[in-house]
Every structure is written in C-alpha cells, then in structure tokens.
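Listed below are the residues making up each chain.
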Amino acid sequence: MDRMEICEWIGVAGQRYTYSIYDLPANFAHGEFGNYIFAKKSSDGQWIPIFIGQGELGVQVGEDHPQLKCIKEKGATHVHVHVNDSEWVRVSEEQDLLESHLNVYEPYACNHKEEEGEEEEMGEETI
C-alpha cells in the first residue's frame, strides 16, 4: 500500500497535524494505532472530512468500521492516517479535529455527536 501524499489538518486552536493519505480500500496491520480521517476532495481540490476517528488502524480503517456504510455513501475516496501509539494523544488530537471540523457530524458526514458521559462508556470506540 503506497502513501500518495500528505495533508495537514488543523485543530480548533491552530495545532497542525500531518497525515499520510492512502487510497481506499486501505489495509493496515492489526496492532497499529493512530488517528484517521476518511475524506474526499471537493471540486476545488480541498479535502472534505467524512469521518474523524482514532484507534487500531487494522480494525478502524478496514471493512469492520461501524460507520463504513455511511462513509461509503458520503463518498469517501481516501483515508488520511497519523500513526500514534499513545491513546491519550490520539484522543486529544481526535477531539481537537472534531471541534474544528463541525461539518463531520451527521447529517453532513458520519460522526455522531456524543451525549454527556457517553464517551467514557465507549472506551476505545471511535466517535
């Protein structure tokens, strides 16, 4: 699986995160962790996020993703990946990007808005 290019995603406070971009379908090894963004390009060449998440890439980026049907229906063509073993850093990065890309939530894209306290119950699950 060849990485085609890189993209910088910017969080709500201006933090920049560098992601490698892969064509879909993409396969990652089980036991490899990181942040990921399913995305497509707009007509003017800008990346549009469809789903922002974190976790085990071999599961979350593959055919087992719980939102895969929505991700495909919304037209994702690529997955952007930032490998990172630290769960705390991954969750923080995911939250930062979700706060800066509000268009990633349903009905426009595929992330669900969480209710208060729901995140703690989900553990490693993506939001």
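First, a word on scope: everything that follows refers to the structure included in this document. (Residues numbered from 1 in each chain as written. Predicted model: local features only at pLDDT ≥ 70, side-chain atom pairs only at ≥ 80, totals over all residues. Heavy atoms only, no water.)

### Side note on the overall build of the chain
The helix and strand inventory of the chain stands at four helices and five strands. Shown N-terminal to C-terminal, the secondary structure of the chain runs as helices and strands in the order β-β-β-β-α-α-β-α-α. For the chain, buried positions account for 43% of its 127 residues. Contacts spanning at least 24 positions in sequence make up 64% of the contacts within the chain whose residues lie at least 6 apart. Summing over all exposed atoms, the chain offers an accessible surface of approximately 7100 Å²; the carbon and sulfur share of this is 48%. (Helix = DSSP H or I, 4+ residues; strand = E, 2+ residues; numbered from the N terminus. Buried < 20%, exposed > 50% of the residue type's maximum accessible area, 1.4 Å probe, protein only. Contact = heavy atoms within 4.5 Å. Areas by Shrake-Rupley, 256 points an atom, 1.4 Å probe, with all protein chains shown as cover.)

### Structural notes on the environment of Phe28
Of note, Phe28 is situated in the loop between β2 (16-23) and β3 (33-41). Taking the C-alpha atoms as reference points, Phe28 and Glu56, 28 residues apart in sequence, are found 8.8 Å from one another.

### Examining the state of the cysteines
Every disulfide links exactly two cysteines, by a covalent bond between their sulfur atoms. This model, assessed by the stated rule, comprises one disulfide. Here Cys70 is linked by a disulfide to Cys110, with a sulfur-sulfur distance of 2.1 Å. On the S-S bond that ties Cys70 to Cys110, the torsion sits near -90°, and the link is left-handed. In this pair, Cys70 sits in helix α2 (residues 68-73) while Cys110 sits in the loop between α3 (87-100) and α4 (118-122), placing the two residues 40 residues apart along the sequence. Each member of the pair, Cys70 as well as Cys110, carries the same accessibility label: buried. (Disulfide = S-S within 2.5 Å.)

Everything listed here is a matter of coordinates, which is why it stays silent on function.
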